[in-house]
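# Overview (structure and organization)
Okay, here's what each chain looks like letter by letter:
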Amino acid sequence: MLSFLARRCVALVATLLGAALVIFIALEVLPGDPAAVTLGLNAAPEALAALRLEMGLDKPAPVRFLAWISGLLTGDLGLSYTYRVPVAQLIGERMAVTLPLALAAIMLATSIGVPLGLLAAANHNRPTDAAVMVFAQLGLAVPNFWFGLLLVLLFAIGLGWFPAGGFPGWQAGPAAAVKALLLPAFALALPQAAILARVTRSSMLDTLQEDFVRTARAKGLAEPVTVVRHALRNALIPVVTIMGLQFSVLIAGAIIIENVFALPGLGRLVFQSITQHDLIVVKDLVMLFAGLAILVNFAVELVYGLIDPRLRETS
Amino acid sequence: MTTRRDLLAGAGAAALAAQLPLVALAQAKDSVIIAMTLEPPTLDPTSGAAQAIREVTLLNIFEGLVKMDRTGKIVPCLAESWEIAPDNITYSFKLRRGATFHDGTPFSSEQVRFSFERAVAPESTNAQRQLFTPIAEIATPDPASVVIRLKQPTANFLYGLAWGDAVIVAPASAANNKTNPVGTGPFKFVRWNRGDRLELERFDGYWGEKPTLAKATFRFIADPQAQVAALRAGDVHAQTNLAAPEAVPQLKADPKLKVSFGKTEGEVILAINNAKAPFNDLRVRQAIAHVLDRKTIALGVYGFDVDLIGSHFSPLHPAYIDLTGTYPVDIPKAKALLAAAGFPNGFSCTLKLPPPTYARRSGEIIAALLAQIGINASIEPLEFPQWLERVFRGKDFDLSVIAHTEPLDINIYARDDYYFQYKNPEFKALMAKIDVTLDEGQRDEMYRQAQRILAHDAVNGFLFILPKITVTAAGLDGMWTDWPLPITPLAEVRWR
């Protein structure tokens, strides 16, 4: 078990290093000088040279790569080219928006999607099942930015219950912050709920045909007990996999929703940094997303083990 | 049956209900939320060219010796008056007494000298240091006087001092102005939630007339649809320049809002690489000028009429002349010109477009217009940093579309290495003469001549002026509707 863990850790470090190298090289070949972007069309050459020096762009690439990696290890993510504040602080501020948003979305998606899927499976080939499948189809077909716009139209412009966008910051009080995050969380959650409903339904239907379910039924267990205690546990494995995948998607893929609702989250930070050529922020963020994806995958594997003892033994 | 008591209660409720909006309005009376499309990267206007920096800070947080009013006129600010000696190189400023910085530092001539010397220092990243390079010497005979001697007469020296790059900063706070700006303006910086909003509050120690607003918030909303939603939901009270022109009819129909159209100093041009064949042939450029149907292009981009231009000059300036008729739309003539230049069947070229909507949309229409005379322009969309690298610095392009937003920047055509590589000794000489001509009437005449030269040479395709679409709450007055400088001075903004 220990050697397995050690091997996994080595692989993890190697993956992260490889990712770092790829990210660095990819951004290195991008044309465009961050100093020129900052100073604009009529910049004097002396001012450009001074700014390049200030940004450390005069050093050769390998030196900058090593400086970046050692900075990452010591928690020093560098100074944003455009904002001129530590990147760690920037990311921290944005996390305070994106993380609650993603968590709220995944909670909403789960609490809507999983029960609906179960309901559909339990009522296989009946009208309830059909209704759920129609909902799921709609949820997948409607782009979430459009759904977001509809929510804004109804709840912000029409009824005036929620702000149309923006984030007052947690210092404005939890009520105001939650109010600002609710509509975007719903918009984000809808397609995820639809996916979860479909996966839960089909996984449940598959599981209900397995031998152990037949055995349970043959033992004379009541149907609800069979479904919840025996089938549900096993049916959840693909559901958890999907949820793990969704988490990364939600963190990195909230760009559009964050734009629709003008939310200062990580997604918008990535987008802004790329257009402003703030390469140091782009590097750090892509690295962060890579790290998060790897961690979530790891967590998902642990959850498999909790759900299904057989998986624990084989690994 | 309705009793008297019911009626009374109803009347009371109605009175209460009638008061509710009043209460809301009273609360809004001394604070305002202004939305803009781009967020400033930092808050120091002397360290970067981003328009958003000036838009937020100039005349709100920071002030210069002089300022520009909403009509583009230079008026006193931290200097209450000035004299230009007959030698035309000595400027004596009498400074405002009693002005202080937000941290309590008294304003004096020392900071003026410090600010201007800092701007030309070798390590300075001031994007407009050419404003300060004519300065030979800065003398400070007493705390309320500054005497600046120039190396040679410089006609637009005062004009440049009104720009954000020339604001007065204090030695103790200058280094931190990027994140914690300290100026002499009517508002002081409170908080900045990056990516979302920036808060200002009235500076009670301000030397001038106190603003009516106690609190002002800038919100940064990049998405055009989100801007419209925020305005309609009442989340913001004004949008400095709407990014969604297609939403104009919808916003105009809303009685709670008011929409106004203004001019800016942003000339949108079809940039042409004058040094590269076949564009180095005047006939080819004339042919292009003859097919550029400005009205169609502007309508396609905005859906309403904007100011069309025939040269590199904004109608905001008194010396502006309308040269849009220099090369009227004339397809047969354009074809003949191309044939005379040796391209009876046209040619292929590239059209490199930066991201702004006006550029991408204009580009599509221009490509279609050029196709009429056989010029096959293939569109290459670029990100802005790539555009800067390849087109602007590398001069590796045939055609491009971009807005030049610096005010009064016609002198870029006198720079040999500027990206469209126009070389005309006559024009250069004219610009040099303008630089040393202090008489405004004479100078304006020369500006007119310069416009005619550029229009005749068809250096670039001159298209239209970027419009400023200001949307405000119906009861909000005082927003700038024209942009002689792209700024939003909040001291002039008030609730009716």
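Residues numbered from 1 in each chain as written. Chains lettered and ligands numbered in written order. Predicted model: local features only at pLDDT ≥ 70, side-chain atom pairs only at ≥ 80, totals over all residues. Heavy atoms only, no water.

## Topic: the overall build of chain A
Selection criterion: Note on conventions: DSSP H or I runs of at least 4 residues are helices, E runs of at least 2 residues are strands, and numbering of each starts at the N terminus. Contact between two residues is taken to exist if any of their heavy atoms lie within 4.5 Å; hydrogens are not considered. Positive residues here are Lys and Arg, negative ones are Asp and Glu, while His and the chain termini are left out of the count. Charged groups are reduced to one reference atom each: NZ for lysine, CZ for arginine, CG for aspartic acid, CD for glutamic acid.
For chain A, the count of helices and strands is 14 helices and zero strands. The helix and strand sequence of chain A, counted from the amino end, reads α-α-α-α-α-α-α-α-α-α-α-α-α-α. Oriented by its inertia axes, the alpha-carbon framework of chain A measures out at about 85 × 60 × 35 Å. The contacts of chain A with a sequence gap of at least 6 include a subset with a gap of at least 24, amounting to 71%. Computed over 20 positive and 18 negative side-chain charges, the separation of the two mean positions in chain A equals 9 Å.

## Examining the sheet that holds strand β14 (residues 348-353) of chain B
All names here are of chain B. Our working rule: Between any two strands, pairing holds if DSSP finds at least two bridges. To get an axis, fit a line to the C-alpha atoms, keeping to the stretch in contact for a helix; angles then go from 0 to 180 degrees between the N-to-C directions.
Pairing is mixed in the open sheet, where five strands are placed in the order β15-β14-β16-β13-β17. Sheet topology places β15 (376-381) and β17 (461-465) at the edges, where each strand pairs with a single neighbour. Going from strand to strand, the sheet's axes swing by 25 degrees on average, the running direction of each strand aside. In terms of strand pairing, β14 meets strand β16 (residues 399-404) through two bridges, oriented parallel. If you follow L351 over to β16, its bridge partner there is L399.

## Let's talk about the packing of aromatic side chains
Worth spelling out the cut-off: Classification of ring pairs uses Phe, Tyr and Trp, with its six-membered ring standing for Trp, and accepts pairs whose centres are within 6.5 Å; under 30 degrees between planes counts as stacked, over 60 as edge-to-face, and the remaining range as tilted. A 1.4 Å probe rolled over the protein chains alone gives each residue an accessible area, and that area as a share of the maximum for its type sets the label: buried under 20%, exposed over 50%, partly exposed in between. For a Lys NZ or an Arg CZ to count as sitting over a ring, it must be within 6 Å of the ring centre and within 35 degrees of the ring normal.
The tally for this structure, following the rule as stated, stands at 33 aromatic pairs over all chains. Between the aromatic rings of F155(A) and W161(A), the centroid separation amounts to 5.9 Å while the plane-to-plane angle is 40 degrees, which identifies the pairing as tilted. On the basis of relative accessibility, which here comes to 22%, the residue F155(A) falls in the partly exposed class. Three or more aromatic residues joined by ring pairs form one cluster here, namely F384(B), W387(B), F392(B), F397(B), Y413(B), Y418(B), Y419(B), F420(B), Y422(B), F427(B) and F462(B). Against the face of W192(B) rests R194(B), its NZ or CZ located 4.2 Å from the ring centre.

## Details of the pairing of strand β1 (residues 31-36) of chain B
All names here are of chain B. Sheet topology places β1 next to strand β10 (residues 215-220); six bridges connect them, and they run parallel. The residue bridging I33 from the neighbouring strand is T217, located in β10. Where β1 and strand β11 (residues 238-239) come together, two bridges link them in parallel fashion. By the bridge assignment, I34 is partnered in β11 with A238.

## Some remarks on the confidence of the model for chain B
All names here are of chain B. Here is the rule we go by: The pLDDT value tells you how sure the predictor is about a given residue, anywhere from 0 up to 100.
The predicted model of chain B has a mean per-residue pLDDT of 90, with 94% of residues at 70 or higher. Taken as a whole, residues 1-26 scores under 50 in pLDDT and shows two contacts with residues more than four places along the chain or in a different chain. Taken over the whole predicted complex, pTM reads 0.82, whereas the ipTM for its chain interfaces reads 0.76.

## Overview of the sheet that holds strand β4 (residues 79-84) of chain B
Residue and element names in this part refer to chain B. Spatially, the four strands line up as an open sheet ordered β4-β5-β7-β6, and their pairing is antiparallel. Edge positions in the sheet fall to β4 and β6 (135-142), since each has one partner strand and no second. Across this sheet, the average inter-strand angle for adjacent strands is 20 degrees, counted without regard to direction. Relative to β6, helix α3 (residues 109-120) is tilted by about 165 degrees, and along the sheet it contacts β5 (90-95), β6 and β7 (145-150).

## What to know about the interface of chain A and chain B
What counts, and what does not: One speaks of a salt bridge when a side-chain nitrogen belonging to Lys or Arg is within 4 Å of a carboxyl oxygen belonging to Asp or Glu. In protein, a polar contact requires one atom able to donate a hydrogen and another able to accept it; more generally it is a pair of N or O atoms within 3.5 Å, and residues adjacent in sequence count only if both atoms are side-chain atoms. All residues other than Ala, Val, Leu, Ile, Met, Phe, Trp, Tyr, Cys, Pro, Asp, Glu, Lys and Arg, Gly among them, are scored as polar; the first ten of these are nonpolar and the last four charged.
Each partner contributes residues to the interface: chain A has 47 residues there, and chain B has 52 residues. Run the count over chain A and chain B and you get zero salt bridges. Where chain A touches chain B, the interface holds six residue pairs in polar contact (both at pLDDT 80 or more). For the side of chain A that touches chain B, the secondary structure elements donating two or more residues are α2 (34-39), α3 (45-55), α5 (87-122), α7 (144-158), α11 (255-260) and α12 (266-275) of chain A. The biggest single contributor to the side of chain A that touches chain B is α3(A), with six residues. Taken together, the residues of the side of chain A that touches chain B sort by class into 26 nonpolar, 14 polar and seven charged.

## Describing unusual backbone geometry
Residues and elements named next belong to chain B. That bond from A277 to P278 is cis: its omega, 0 degrees, falls within 30 degrees of zero. As for its placement among the helices and strands, P278 is situated in the loop between β13 (267-272) and α7 (282-291). The backbone phi angle of L59 is positive, close to 70 degrees, even though this residue is not glycine. Considering the arrangement of structural elements, one finds L59 in the loop between α2 (51-57) and β2 (66-68). You can call L59 buried: its relative accessible area is 9%. Within the chain, L408 stands out as a residue other than glycine whose phi angle is a positive 45 degrees. Considering the arrangement of structural elements, one finds L408 in the loop between β16 and α12 (425-436).

## Describing the side chain of T470(B)
Residues and elements named next belong to chain B. Positionally, T470 belongs in strand β18 (residues 468-473). Within the local environment of T470, its side chain forms a polar contact with the side chain of K468, the two groups lying 3.4 Å apart. Excluding residues that lie within four positions of it along the chain, T470 makes contacts with Q239, T240, K258, V259, S260, M479, W480 and T481.

## Considerations on the pattern of salt bridges
All names here are of chain B. One pass over the full model with this rule turns up 23 salt bridges over all chains. The salt bridge partner of E492 is R70, with a shortest N-O separation of 2.8 Å. One end of the pair, E492, is in the loop between β19 (476-477) and β20 (494-495); the other, R70, is in the loop between β2 and β3 (74-76), with 422 residues separating them in the sequence. With relative accessibility at 33%, the residue R70 sits in the partly exposed group. Notably, a salt bridge pairs K295 with D305, separated by 3.3 Å at the nearest N-O pair. Of this pair, K295 sits in helix α8 (residues 294-302) while D305 is found in the loop between α8 and α9 (331-340), placing the two residues ten residues apart along the sequence. Salt bridges linked by common partners bring K258, D477 and R496 together as one network.

## Description of helix α10 (residues 357-371) of chain B
Note the following rule: Any helix carries an expected span of 1.5 Å times its number of residues minus one.
The end-to-end C-alpha separation of α10(B) is 21 Å, in line with the 21 Å expected for 15 residues at 1.5 Å each. Considered for burial, the residues of α10(B) that qualify are Y358(B), A359(B), S362(B), G363(B), I365(B), I366(B), A367(B), L369(B) and L370(B).

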